[in-house]
Amino acid sequence: MDPPLPRLTYAGLVRIAYGADDDNETTRAVLDYLSGLGEVVRVGADRPWPQIGAAVGQAVTGGDADLGVVMCWTGTGTAIAANKVPGVRAALAWEPWIAAGARKWNDANVLAMSLKRLAPDVAVEVARAFFETAEPDPDEAANIALLAALDHDQPPAAVDQGVCARVGRRVRPQGP
Ligand SMILES: O=C(CO)[C@H](O)[C@H](O)COP(=O)(O)O
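Note that the coordinates shown come from a computational prediction; the quantities given were computed from them, not determined experimentally. (Residues numbered from 1 in each chain as written. Predicted model: local features only at pLDDT ≥ 70, side-chain atom pairs only at ≥ 80, totals over all residues. Heavy atoms only, no water.)

A. How the structure looks around the packing of helix α2 (residues 49-61) against helix α3 (residues 76-83). Contact geometry of α2 with α3 gives a least axis separation of 7 Å together with a crossing angle of 50°. One element, α2, and the other, α3, form an angle in the oblique class. Classified by chirality, the crossing of α3 by α2 is right-handed. Contacts from W49, P50, I52, G53 and A54 in α2 reach G77, T78, A81 and A82 in α3. Taken together, the residues of the contact of α2 with α3 break down into 6 nonpolar, 3 polar and no charged. (Axes fitted to C-alpha atoms, helices over the stretch in contact; angles between N-to-C directions. Helix = DSSP H or I, 4+ residues; strand = E, 2+ residues; numbered from the N terminus. Parallel < 35°, antiparallel > 145°, perpendicular 65-115°, else oblique. Left-handed = near helix turned anticlockwise from the far one by under 90°. Contact = heavy atoms within 4.5 Å. Nonpolar A, V, L, I, M, F, W, Y, C, P; charged D, E, K, R; others polar.)

Written out as structure tokens, the structure is:
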């Protein structure tokens, strides 16, 4: 059996930036859960989803929030928009272990979910897994640093041309 996940112990209230482009039972359940964790900074649903995702990302990287949650029909659009903000590591999750893994192995700072696909109780469990996984695995520090390098237009050292060429050869279909 897997060891229990480390639990978040917030010294004070956690500040969460939240944005969704629609409102339904799933978003209401998630918001209710988030409100129990701390202060929720809401980005208006009157904006288009690219702006919602970006605004949540900026709230996190700008220090107005500790972590973010974005939701749209698929979850993908707001995740992509959030990830355009340097310093954001938004992860789309649909099961609790994906959300926990995103915190643990990717140091994700924004959780993205589909408000259309996830039932309210599932979305809350996914969010709980995200917020209750306290910190990244120290073994992943080098990989997180490689991600951070991508924010600054610096190709990570590991992604050299040799690696790209090898991958390219492996996936290239065989043919005449
Ligand atoms: O899932 C989404 C983006 O990935 C949106 O929620 C979906 O595309 C609907 O957007 P709109 O109401 O602007 O048409």
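B. Focus on the pattern of salt bridges. The full count for this structure, using the stated rule, is 5 salt bridges. Put simply, R28 and D23 hold a salt bridge, and the shortest N to O gap is 3.2 Å. Judged by its relative accessible area of 49%, D23 falls in the partly exposed class. Residue R128 is joined to E125 by a salt bridge in which the shortest nitrogen-to-oxygen separation is 3.3 Å. Linking R128 with E125, this pair stays in helix α5 (residues 120-131), spanning 3 residues, or about one helical turn. A single network of salt bridges, built from pairs that share partners, joins R89, R103 and D107. (Salt bridge = Lys/Arg side-chain N within 4 Å of Asp/Glu carboxyl O. Buried < 20%, exposed > 50% of the residue type's maximum accessible area, 1.4 Å probe, protein only.)

C. Quick look at unusual backbone geometry. Positive phi values are uncommon outside glycine, yet D107 reaches one of about 50°. Given the relative accessible area of 18%, D107 is considered buried.

D. The arrangement of the site of the ligand in detail. Taken together, D21, W49, C72, W73, T74, T76 and G77 form the complete shell of residues around the ligand. Between the ligand and W73, the relevant distance is 3.0 Å, taken from an oxygen atom to a main-chain nitrogen or oxygen of the residue. Here an oxygen atom of the ligand sits 2.8 Å away from a polar atom, N or O, in the side chain of T74. For the shell around the ligand, the per-class residue count stands at 3 nonpolar, 3 polar and 1 charged. (Near = heavy atom within 4 Å. Polar contact = N/O pair within 3.5 Å; in protein donor to acceptor, adjacent residues only side chain to side chain.)

E. Representation of the packing of aromatic side chains in the model. Under the defined criterion, the tally for this structure stands at 1 aromatic pair. With a centroid separation of 5.2 Å and 75° between ring planes, the pair formed by F130 and F131 is classed as edge-to-face. Look at F130 and you get buried, because its relative accessible area is 0%. Between the NZ or CZ atom of R103 and the centre of the ring of F130, over which it lies, the distance is 5.6 Å. (Phe/Tyr/Trp six-rings, centres within 6.5 Å; stacked < 30°, edge-to-face > 60°. Lys NZ or Arg CZ within 6 Å of the ring centre and 35° of its normal.)

F. Representation of the packing of helix α1 (residues 25-37) against α5 in the model. The N-to-C vectors of α1 and α5 enclose an angle of 35°; their axes lie 8 Å apart at closest approach. Considering only the axes of α1 and α5, their crossing is right-handed. Contacts between α1 and α5 pair E25, T26, A29, V30, Y33, L34 and L37 from the former with P120, A123, V124, A127, R128 and F131 from the latter. A per-class count over the contact of α1 with α5 returns 10 nonpolar, 1 polar and 2 charged.

G. Main features of the nonpolar core. Counting 29 residues, the largest nonpolar core has V69, L111 and M113 as its most contacted members. The element contributing the most residues to this core is α5, with 7 residues. Not counting residues within four places of it along the chain, the set of residues in contact with L111 comprises G68, V69, V70, A91, A93, A99, V126, A127 and F130. A65, V70, A82 and V85 belong to the second-largest nonpolar core, a separate cluster that totals 17 residues. (Core = buried A, V, L, I, M, F, W, Y, C linked by side-chain atoms within 4.5 Å.)

H. Just the side chain of T78, in detail. Looking at where T78 falls in the secondary structure, it is placed in helix α3. Judged by relative accessible area, which is 0%, T78 ranks as buried. With sequence-adjacent residues up to four places away left out, T78 is seen in contact with W49, I52, G53, V70, M71 and C72.

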